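# An overview of the molecular structure
Chain by chain, the residues:
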Amino acid sequence: QSALTQPASVSGSPGQSITISCTGTGRDIGFYNHVSWYQQHPDKAPKLIIYDVTIRPSGVSNRFSGSKSDNTASLTISGLQAEDEADYYCSSYRSRDSLVFGGGTKVTVL
Amino acid sequence: QVQLVQSGAEVKRPGASVEFSCTASGYRFSNHYIHWVRQAPGQGLEWMGLISPSDGDTDYAQKFQGRLTMTRDTSTSTVYMQLNGLRSEDAALYYCAAGPSLAVYYYYAMDVWGQGTAVTVSS
């Protein structure tokens, strides 16, 4: 059982927007602004797409955006494209446990 | 270019120990933590711990306390991870990762990942 809770799958049509949620507790997402999101294509290493809740690393498309409210963080992908089909993982700092990940969400582009 | 290169696949018996290496290049090794993250087949990511290359300080996930050891060799910009008492559930792809494009000593995310080292645990 993962420390952070994500939906197993989310799908959308090309051009649509989708949102992936990541639910934690007051010991992690609810207390710290150190939520990250990673994209992982099959048989590839994860790629950082959001850190510190809202910041995109250089080179990451602005179609990816992050937010947080209370104990839940969210990743929104706007203008969904075929290349966005991948697994997405959230991560947060948690007191006493350092870093924890969500179970991952499979995004399917219909 | 900035990269992390990991050692090759390992096959171990239950109860054995395994050690991997991760060699950094293209950035100042001492300025960025190196994390280890594993992924069992078909499963999600699991953070195991990190090491500070500058002073060797480590931070391990509670789950691995007592059987995980991370060390570093600054002369070769290499970190090592040793996992003892292997069990079948330790079979996974092990990644090292760092944040050389992020702030110095930034703890909370990683933007460069190694290619992964596969570990098989079988009797």
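Now for a quick tour of the structure. (Residues numbered from 1 in each chain as written. Chains lettered and ligands numbered in written order. Predicted model: local features only at pLDDT ≥ 70, side-chain atom pairs only at ≥ 80, totals over all residues. Heavy atoms only, no water.)

On to the environment of Gln 6 of chain B, then. All names here are of chain B. In this fold, Gln 6 is placed in strand β1 (residues 3–6). Assessed through its relative accessible area of 6%, Gln 6 is described here as buried. Sequence separation between Gln 6 and Thr 117 is 111 residues, and the spatial gap between their C-alpha atoms is 6.5 Å. In this structure, Gln 6 is in contact with Ser 21, Cys 22, Trp 36, Tyr 94, Tyr 95, Cys 96, Gly 114, Gln 115, Gly 116 and Thr 117, ignoring residues within four places of it in sequence. Within the local environment of Gln 6, its side chain forms a polar contact with the backbone nitrogen of Cys 96, the two atoms lying 3.1 Å apart. (Helix = DSSP H or I, 4+ residues; strand = E, 2+ residues; numbered from the N terminus. Buried < 20%, exposed > 50% of the residue type's maximum accessible area, 1.4 Å probe, protein only. Contact = heavy atoms within 4.5 Å. Polar contact = N/O pair within 3.5 Å; in protein donor to acceptor, adjacent residues only side chain to side chain.)

All names here are of chain A. The antiparallel open sheet is built from three strands, whose spatial order is β2-β6-β5. At either end of the open sheet lies a strand with only one pairing partner, and these are β2 (18–23) and β5 (64–69). If you compare each strand with its neighbour and ignore which way they point, the axes differ by 20 degrees on average. (Pairing = 2+ DSSP bridges. Axes fitted to C-alpha atoms, helices over the stretch in contact; angles between N-to-C directions.)

This paragraph deals with the pattern of salt bridges. If the charged atoms of two oppositely charged side chains come close together, the side chains can form a pair. One pass over the structure, following the stated rule, counts seven salt bridges over all chains. The closest approach of N and O atoms between Asp 28 of chain A and Arg 94 of chain A, which form a salt bridge, is 2.9 Å. Here the residue Asp 28 of chain A occupies a position in the loop between β2 and β3 (35–40), and Arg 94 of chain A occupies one in strand β7 (residues 86–94), the gap between them amounting to 66 residues. For Asp 28 of chain A, a relative accessible area of 0% corresponds to the buried category. When the shortest N-O distance is used, the salt bridge between Glu 46 of chain B and Arg 38 of chain B registers 2.8 Å. Classification of Glu 46 of chain B by relative accessible area gives partly exposed; the value is 22%. One connected set of salt bridges, linked through shared partners, spans Arg 38, Glu 46, Lys 63, Arg 67 and Asp 90 of chain B. (Salt bridge = Lys/Arg side-chain N within 4 Å of Asp/Glu carboxyl O.)

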